[in-house]
Every structure is written in C-alpha cells, then in structure tokens.
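Chain and residue survey
Below, each chain spelled out in residue letters.
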Amino acid sequence: MTRIRLEMEEEEMQQRTTEQWKDVVTEMKSEIDEKNAIIAAKEAEVERLLELQRLKDDEIAQLKGGVEKHRKRVRRTQTSLSADAADERIEGYCEVVWEKFLTLTSNAGGISRLTIFNDEWHANHPDAARLLWGYNSWKETKLYVNVFFNGEVDVNYDPSANIRHTKEGDLKMPNLTPFERCMACRMFFHLFAHEQIIALCFDKHRTRIGQILKEWAPKWASVGIDLSCLDITSDYLFKEVPDRNINLGKPRLVFVDGKDWLISPKQNDTAVEKMSYSSKTEKTSARGLTFSSAGGLVFEWSPLFGGRGGERKIVEFMGSLGPSNAPIADWEDVAGAADDDDDDLFWTALSDVMTAKEFDETVERLEEGDQLVSNGLLDDGILITGQPTGLAREGLDEGDAEADTDEEGDEPMSDAAKSGRHIFGIENAFAAYDSLVKANRVKKAQQESGSEKRPPILTPDILKEQNSKALRNDPNNSGRRKLRQLERLQKLHLLYEKAELKKCLLSYFLLVTEEHRLKLLSWMGSKLASHIEKPSLRELNNIPLRLAKIPEDYGVGGDKGFSGIEYSLPNCNEVDTPPQIANSKKERLSKEQIESEIPITSVRAPCETVFKRVDNHAVMKEKVPYWIIPWLPHGHALAHGEANLCRPLRFPGRNAIVGDDYWDNIKDCSRIQQPLQTERNVATSARRECKKCKEGGIVEFCSSCSKWYHSDCHNFGGCNPGPVRNPYL
C-alpha cells in the first residue's frame with residue numbers, strides 16, 4: 001500500500017505544471033513561516049520563564065541569607081546573654097572580693113598608693129599623716145595642700161576608688177595624678193630622702209621620681225618662702241613678746257642664729273671642699289642664718305652658703321639692699337594683669353645653668369663644619385691672636401706641649417732646665433683655655449637663641465650675678481608673687497579662725513596683721529578682699545626688703561659671733577650679744593659675767609629650737625649625701641616655712657590680743673583689745689620707776705610726753721605731747 005501510495009504521488013507530481021509547482025512552493029513557505037513564528041514565540045516564552053526562574057532563585061537566595069543572618073543573630077544574642085549573665089555573676093563576685101580586700105587593706109595594709117590616700121586607712125592610722133608628711137592629721141594635710149596648690153591638685157582623689165579594668169579582666173592602677181605627685185615630693189622632703197624608697201611606695205621607677213621632684217620641688221620651696229618670709233611690724237612684735245622676755249629686760253629683740261649642715265661634696269673637687277669648709281664643724285658644711293621673733297616665728301632667712309662664709313659676711317650680704325622698700329605703687333590691680341610664670345619660680349644656683357650633657361651637645365653642634373684657620377687674626381671670644389689658641393700671646397704655642405725632653409737627646413728635662421710653663425703644666429693650660437673658648441661660644445649661641453641657660457663655668461661676674469638673684473628671691477620683689485603669698489596666707493587665716501586648723505605661730509601672726517593684709521589685697525585687686533574698700537597708696541604701710549623689715553626700735557640678739565654687725569643692718573639696729581673674751585676685762589667664767597649673760601642667753605634659747613624644727617625634715621638630716629645637695633635649697637626653704645606651723649616656743653605675754661583659750665583651738669576664743677603700736681625710737685631702763693604706777697621694773701621712755709612708763713601702763717604714741725627733753729637727764 002505504501003508503495004502504491006508513493007507511486008501515485010510520484011505520478012501526480014510528474015503531471016503538475018510549473019504554475020502548480022509554484023503554488024506548492026508558496027504554500028510550503030507560508031507553512032514554514034507560520035511554524036517559525038510559533039517557534040520564536042515559544043522561545044520567547046521559554047526565555048521569559050527562565051528569567052522569571054532566575055528572579056525567583058535570587059529571591060529565594062536572599063530569603064535564605066536573611067534567614068541565616070537572623071539565625072546567626074539569634075545565636076549570638078543567646079551567647080551574649082549567657083556571657084553577660086556570667087560576667088554579671090563574676091563582676092558581682094569581684095566587687096565583693098574587692099570591697100573585702102579594701103577593707104582588709106584599710107585595716108592591716110602597709111604603705112602603698114591604695115592606703116596613704118584612703119580616708120578609712122587614715123582613720124585607722126591617725127598618726128600616719130604626721131609621719132608621712134608632717135601634718136597633724138589627714139584632714140589637716142588635705143586642707144593645707146588645697147590652700148597651697150588650689151586649682152592644681154584634687155585633694156579628694158583616692159586611687160583605690162579609681163581602679164581600671166582591662167579587656168582581659170585584670171585590674172590596673174590609674175596613672176599618677178598631680179595630687180599624688182605633689183605628696184610624693186612632700187614625702188621625699190619630710191620622710192624618705194631616697195628616690196628608690198619613694199619609687200617603691202608608688203610602684204614607679206626611680207627616674208620617674210626624679211622627674212616628679214624636678215616638677216614639684218620648686219613649688220614646695222615657694223610655699224616655704226611664702227610661709228617664712230613675713231612682713232613683721234613693731235605692732236606684731238609688741239603683741240607677741242613673752243612675759244619672760246619682758247621680765248628679763250629684753251622686750252624689744254628679734255634674734256639671729258646660724259646653723260651648719262654637714263654635707264658630702266665630691267672629694268675630688270678641692271675647690272668645693274675649700275669653700276665649704278666650716279671652722280665650726282671642722283668639716284665640709286653648708287651654712288645658713290635664720291631670723292626669728294621672741295616666740296619663735298621665722299620671718300627671714302638666708303640662702304645656704306659654703307661653710308667658709310662667715311656669719312658676719314652673710315649678714316652683710318643680707319643687708320646689702322639697704323633700707324629699701326617694695327614697689328607697692330606698681331602692684332595696683334596686679335590681680336587682673338597678665339600672668340607671668342617666671343614670678344612663681346624658685347631660683348637656685350642651678351636654675352640657669354646648663355647640664356654637662358647639654359653643654360657637650362651644644363659644643364658638638366657648634367663645631368660641626370668648623371675649620372682651623374692657619375693665618376690671619378682669630379677672634380675666639382677671649383683674645384684676638386694670630387694662632388688658634390690665645391696662649392701664643394704669652395709665649396706658648398701648641399708645640400710646647402710636647403717639648404718635655406732636651407733638644408740634644410731623648411733624656412727627660414731636668415727640673416733646672418724646665419721653664420715655668422712646663423712646671424705648671426702646659427697641657428692643663430691649653431685644656432683650661434679651650435674650655436673658656438667653648439664656654440664663650442656656647443654663651444653667645446644661647447643668647448642668640450633666647451635661652452637663659454648659661455655654660456657650667458663659674459667666674460667672678462657670674463658669682464656676683466648669682467648672689468644678686470639669690471638676694472632678690474623674695475615675694476616682696478614681685479607683685480604677682482606677693483599676691484600669691486597674701487592670698488595663701490588669707491585662706492589659711494580663714495581656716496584658722498574656723499578652728500579647722502590648729503592654732504600655731506603663723507595663725508597668731510595672721511590674726512595680728514589681718515587689717516594690713518586685707519588693705520594690701522584690696523589694693524592689688526584680689527577677690528578675697530572684695531568687701532574691703534580700696535585704700536589709697538598713703539594708707540598702705542611700707543614693706544621693707546630683707547633685713548630692713550626689722551623695726552628701728554628693735555634690737556637683734558645673737559651669740560657672740562654676731563657682735564659688730566650693727567653697720568651691716570639697714571636700720572643700724574642695736575645688737576645684743578654676750579661679751580667676747582677678747583673684749584672682756586673679767587675672767588670669762590666669772591660669776592659676775594655669767595650672771596650678766598643670763599638675760600640674753602635665756603631669751604635667745606628658742607633659736608636652737610627653731611633649728612631643731614628645721615632639722616625635722618629628712619632632706620636636712622646630717623650628713624647630707626652628695627646626690628641630695630641639689631634638693632637642699634628646696635628643703636631648706638620648705639623646712640623654714642613648716643617651722644611656723646608649730647606652736648610658739650613661748651606664748652605671747654601680757655600684750656597678747658587673745659586669751660589662753662586661743663591655743664586650745666576654740667573657734668570663739670576670748671579677745672583682748674590692745675592699742676596699735678607704731679614704730680618708735682624708745683629707750684628702756686631697769687632702774688627707773690613708772691610715772692603712772694610708781695613701781696620699778698622695765699620701763700620705756702615716751703618721746704611724746706617725755707616720761708617713763710611700763711609698756712602696759714601707757715598709750716605710747718597716743719598721749720598728749722610734752723616738752724622734748726633728754727630721757728637720761
């Protein structure tokens with residue numbers, strides 16, 4: 001059948017005409033086009049479906065990623081919640097353990113940063129503050145330090161309450177705060193004059209303690225100056241004098257005494273050993289003088305000198321400013337002027353001197369690129385010569401340094417053949433000269449750079465300049481320094497009056513001189529005296545400098561080593577000393593002479609107690625080691641200031657303005673009205689009778705009414721004037 005059908009189709013195809021074949025081809029083409037169109041539509045549909053599938057796949061992938069992130073977030077949250085719960089349990093346990101540790105430390109802990117600044121520890125150890133820093137209690141320590149360095153330190157800072165936690169969960173102590181550094185320096189001066197021990201207490205390296213001392217030692221020394229360089233007046237000295245001094249006929253005296261501290265300089269420095277040799281101790285020493293009142297108040301002291309300097313020479317140096325006064329007129333409204341940090345610096349002989357390392361580095365820097373000049377004039381700053389060394393001017397040259405043998409052979413020169421330049425050492429001469437040249441070049445370079453540091457070479461001119469700076473290292477030579485001193489003293493006075501600080505020598509001085517201090521503070525524009533009307537310049541008392549502050553009507557008492565210093569004192573005060581053996585016609589130990597010395601030796605005995613109080617500081621303990629000598633001037637200044645924070649050696653007598661309950665630290669103590677004592681030139685007598693009470697004793701001459709009275713029987717300076725006459729006629 002198939003063969004038959006194929007044969008029929010073949011026969012039909014053969015019978016078709018050309019036109020018929022054209023119609024068949026056209027029909028087939030149409031059919032093919034229709035099928036191609038259907039195929040294209042299907043392909044487009046497939047592409048659309050594939051694209052839709054890709055979009056669905058992407059959406060599914062995003063959903064899967066979101067689900068996975070959410071699953072991980074949930075897992076992390078669960079882990080974090082578990083960890084936080086564990087940390088809370090651990091931290092809670094650590095806090096309990098830490099509190100127990102602090103409680104144990106505060107009760108049984110030793111000296112460390114965790115204890116010495118902790119209130120509870122000091123409550124359990126009430127004497128610790130006195131031992132560590134020299135103050136009566138921890139509360140008193142913080143009050144004093146807050147006044148001394150107000151704005152610089154936070155006295156309520158406790159390191160044990162500021163422990164930090166590291167990421168690893170460890171405990172870490174905080175960095176040293178200004179308050180801790182301040183008290184570390186104070187501990188060095190008062191208790192341990194060894195940097196290693198202070199370093200152990202604060203868990204720091206020794207060099208760190210040295211940096212702390214460089215920062216805080218000048219500040220503590222300035223505190224000492226403010227507490228001990230005081231402006232005494234006749235009124236204060238009159239109201240402070242003890243009854244014993246009045247009864248012994250010595251009511252109008254201030255006292256001076258010297259002290260030698262044994263020191264240990266370098267033994268290979270013969271120049272220092274010679275200038276520091278003391279005839280008192282017969283050893284190398286540092287010598288200083290202290291001027292104090294009858295009750296023991298230190299109001300002036302000298303810087304430390306080598307022990308070779310005589311006491312009379314030191315007095316002459318201290319009085320070399322003459323009867324000069326502070327420039328009060330220039331201090332008007334100084335509180336509102338621009339701050340000058342230089343006024344607050346404590347100056348020592350090493351303050352403006354380069355260290356050996358700085359000097360060598362400067363010399364190396366200056367010598368880089370220099371070349372020797374073989375001809376022409378050379379200006380080395382010392383001499384102008386034709387050779388690199390100025391010694392050629394004296395007949396020496398560089399070849400002489402090697403000419404130590406005879407010209408004819410290699411035999412050493414005999415002593416007779418050697419010239420003077422060989423005997424005294426040509427090599428040493430060249431080395432000394434080179435040092436002077438280097439020092440001069442460094443000095444010029446420092447001046448050009450504006451630095452105040454100078455080379456470490458001492459010359460007579462430099463020594464004279466240093467002495468002048470030391471003499472003027474006083475609050476009264478600067479308006480801002482004087483303002484700082486008066487504000488510190490006024491803040492202390494307010495605390496004394498509130499009975500928050502124990503009464504002492506300084507508190508009584510501040511009470512007597514309050515009126516003058518407030519006037520001066522008001523003149524200077526201080527906020528502490530804003531309630532006081534600003535006075536005129538005429539209403540202010542003069543402020544004498546150095547030894548000129550000793551009133552003219554007061555003498556100076558001392559041992560026999562100070563006899564003859566009257567003309568060195570600016571006011572030519574009378575000097576009362578025991579008689580010297582060479583000037584005495586009687587035997588030195590005769591009964592009459594001993595009895596005659598009883599008054600002056602009795603009233604000046606407190607001077608020894610003043611020095612005993614100064615020696616309470618560890619840095620002043622003899623023998624002072626070599627490495628502590630740079631801190632000796634700072635400790636010397638601070639020790640004199642702290643001596644005034646003690647109770648009087650002898651309490652004020654009948655002229656006092658307070659009752660005996662004042663010294664019991666009572667807030668509202670009894671007050672006694674006393675007239676203002678102005679400075680006057682009076683004579684005293686133990687042989688005359690008082691014109692008022694007709695009794696004997698020590699009487700004084702009143703220049704107004706020309707009569708003799710006891711000091712408490714007459715209003716000196718406020719009486720009716722009478723005819724002027726000689727008091728001894």
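What you see is a predicted model, and the numbers here were worked out from it, not measured in a lab.

**Some points on the overall build of the protein**
When you go through the protein residue by residue, the secondary structure sums to 23 helices and 13 strands. For the protein, long-range pairs separated by at least 24 residues make up 63% of all intrachain contacts whose partners lie at least 6 apart in sequence. Element-wise, carbon and sulfur atoms account for 51% of the exposed surface of the protein, whose accessible area totals about 41300 Å².

**Quick look at the packing of helix α7 (residues 178–190) against helix α9 (residues 206–228)**
Where α7 contacts α9, the two axes come as close as 9 Å, and the packing angle between them is 85 degrees. With respect to each other, α7 and α9 are oriented roughly perpendicular. Contacts between α7 and α9 involve Pro178, Arg181, Cys182, Cys185, Arg186, Phe188 and Phe189 from the former and Arg208, Ile212, Leu213, Glu215, Trp216, Ala217 and Trp220 from the latter. For the contact of α7 with α9, a count of residues per class yields ten nonpolar, no polar and four charged.

**Describing the packing of aromatic side chains**
Evaluation of the coordinates by the stated rule reveals 21 aromatic pairs. Between Phe148 and Trp220 the ring centres are 6.1 Å apart and the planes differ by 80 degrees, which places this aromatic pair in the edge-to-face class. Here Phe148 is found in helix α6 (residues 138–148), whereas its partner Trp220 is found in helix α9, with 72 residues between them in sequence. Accessibility assignment for this pair places Phe148 and Trp220 in one class, buried.

**A few points about a negative patch on the surface**
Residues Glu358, Asp360, Glu361, Glu364 and Glu367 make up a contiguous surface patch of negative charge. Among the structural elements, Glu358 can be located in helix α14 (residues 356–367).

**Let's talk about α14**
Here α14 spans 16 Å end to end across twelve residues, near enough to the 16 Å set by a 1.5 Å rise per residue. Among the residues making up α14, those that are buried are Phe359, Thr362 and Val363. Buried residues of α14, seen end-on, are gathered within an arc of 100 degrees and therefore sit on one face of the element. Looking at α14, the residues exposed on the side facing more than 90 degrees away from the buried face are Lys357 and Glu364.

**Thoughts on the pattern of salt bridges**
Under the definition given, this model contains 31 salt bridges. In this structure, the salt-bridge partner of Arg54 is Glu51, at a minimum N-O distance of 2.0 Å. Note that Arg54 and Glu51 are positioned in helix α2 (residues 18–108) at a spacing of three residues, about one turn of the helix. Residue classification places Arg54 among the partly exposed residues on the basis of a relative accessible area of 43%. Bridged by salt links that share partners, the residues Asp226, Arg484 and Arg488 form one connected network.

**Considering a positive patch on the surface**
On the surface, Lys69, Lys72, Arg73, Arg75 and Arg76 cluster together to form a positively charged patch. Its location among the elements puts Arg73 in helix α2. Residue classification places Arg73 among the partly exposed residues on the basis of a relative accessible area of 45%.

**Details of empty space enclosed by the protein**
All told, the structure shown has three cavities of 30 Å³ or more when counted by the stated rule. The calculated volume of the largest cavity comes to roughly 70 Å³. Lining the largest cavity are Phe238, Val241, Ile246, Pro251, Arg252, Tyr554, Asn655, Ile698, Glu700 and Ser711. Considering only residue class, the lining of the largest cavity consists of six nonpolar, two polar and two charged.

**Description of the nonpolar core**
Counting 113 residues, the largest nonpolar core has Trp133, Trp220, Leu492 and Leu506 as the members making the most contacts within it. Residue contacts for Trp220: discarding those within four places in its chain leaves Tyr135, Val145, Phe148, Phe149, Cys182, Cys185, Arg186, Leu638 and Glu642. Grouped together as the second largest cluster of nonpolar side chains are ten residues, Trp708, Cys713, Phe716 and Cys719 included.

**A word on the environment of Ser670**
Within the secondary structure, Ser670 sits in the loop between α23 (632–643) and β11 (684–685). Relative accessible area serves as the criterion here: at 35%, Ser670 is assigned to the partly exposed category. C-alpha of Ser670 to C-alpha of Ile657: the two residues are 13 residues apart in sequence and 8.7 Å apart in space. Of the polar contacts made by the side chain of Ser670, one reaches the side chain of Asp661; its length is 2.9 Å.

**Structural notes on the packing of α7 against helix α8 (residues 195–202)**
Helix packing for two helices is described by the angle between their axes and how far apart those axes are. Between α7 and α8, the shortest axis-to-axis distance is 10 Å and the interhelical angle comes to 145 degrees. In this structure, α7 crosses over α8, and the sense of that crossing is right-handed. Of the residues in α8, those in contact with Glu180, Ala184, Met187 and Phe188 of α7 are Glu195, Ile198 and Phe202. When its residues are assigned to classes, the contact of α7 with α8 shows five nonpolar, no polar and two charged.

**A closer look at unusual backbone geometry**
In this chain, Glu622 is followed by Lys623 through a cis amide linkage whose omega measures -5 degrees. If you check the backbone angles, Asp333 has positive phi at about 55 degrees while not being a glycine. Judged by its relative accessible area of 41%, Asp333 falls in the partly exposed class. Not every positive phi belongs to a glycine, and Ala499 is a case in point at roughly 65 degrees. Relative to the helices and strands, Ala499 resides in the loop between α18 (479–497) and α19 (505–512).

**Concerning the side chain of Asp260**
Looking at where Asp260 falls in the secondary structure, it is placed in strand β3 (residues 253–262). Owing to a relative accessible area of 6%, Asp260 belongs among the buried residues under this scheme. A polar contact is formed between the side chain of Asp260 and the side chain of Ser278, at a distance of 2.4 Å. Of the polar contacts made by the side chain of Asp260, one reaches the side chain of Arg287; its length is 2.8 Å. Those residues in contact with Asp260 that lie beyond four places of it in its chain are Ser278, Lys280, Thr281, Ser285, Ala286, Arg287 and Glu622.

**A look at a nonpolar patch on the surface**
Together, Leu49, Leu52 and Leu55 make up an exposed nonpolar region whose accessible area comes to about 260 Å². Relative to the elements of secondary structure, Leu49 occurs in helix α2. Judged by relative accessible area, Leu49 falls into the partly exposed class, the value being 43%.

**Structural notes on the pairing of β3**
Among the ten residues of β3, ten are classified as buried, and the element is accordingly described as predominantly covered. What you see with β3 is no split at all: Leu253, Phe255, Asp257, Lys259 and Trp261 on one side and Val254, Val256, Gly258, Asp260 and Leu262 on the other are buried throughout. Of the pairings in the sheet, the one linking β3 to strand β9 (residues 555–557) comprises three bridges and is parallel in character. Each residue of the ladder has a partner; that of Phe255, found in β9, is Gly557.

About the criteria used
- Residues numbered from 1 in each chain as written.
- Predicted model: local features only at pLDDT ≥ 70, side-chain atom pairs only at ≥ 80, totals over all residues.
- Heavy atoms only, no water.
- Helix = DSSP H or I, 4+ residues; strand = E, 2+ residues; numbered from the N terminus.
- Contact = heavy atoms within 4.5 Å.
- Areas by Shrake-Rupley, 256 points an atom, 1.4 Å probe, with all protein chains shown as cover.
- Axes fitted to C-alpha atoms, helices over the stretch in contact; angles between N-to-C directions.
- Parallel < 35°, antiparallel > 145°, perpendicular 65-115°, else oblique.
- Nonpolar A, V, L, I, M, F, W, Y, C, P; charged D, E, K, R; others polar.
- Phe/Tyr/Trp six-rings, centres within 6.5 Å; stacked < 30°, edge-to-face > 60°.
- Buried < 20%, exposed > 50% of the residue type's maximum accessible area, 1.4 Å probe, protein only.
- Patch = residues over 30% accessible without salt bridge, like charges linked within 9 Å, V, L, I, M, F, W, Y side chains within 5 Å.
- Salt bridge = Lys/Arg side-chain N within 4 Å of Asp/Glu carboxyl O.
- Lys, Arg positive; Asp, Glu negative; His and termini not counted.
- Charge placed at Lys NZ, Arg CZ, Asp CG, Glu CD.
- Expected span 1.5 Å × (residues − 1).
- Arc of directions from axis to C-beta.
- 1 Å grid on protein atoms, 1.4 Å probe; cavity = no way out; pocket = protein on both sides within 12 Å on 5 of 7 lines; lining within 4 Å.
- Points joined across faces, edges and corners; volume = space filled by probe spheres on them.
- Core = buried A, V, L, I, M, F, W, Y, C linked by side-chain atoms within 4.5 Å.
- Polar contact = N/O pair within 3.5 Å; in protein donor to acceptor, adjacent residues only side chain to side chain.
- Left-handed = near helix turned anticlockwise from the far one by under 90°.
- Pairing = 2+ DSSP bridges.

By themselves these figures say nothing about function.
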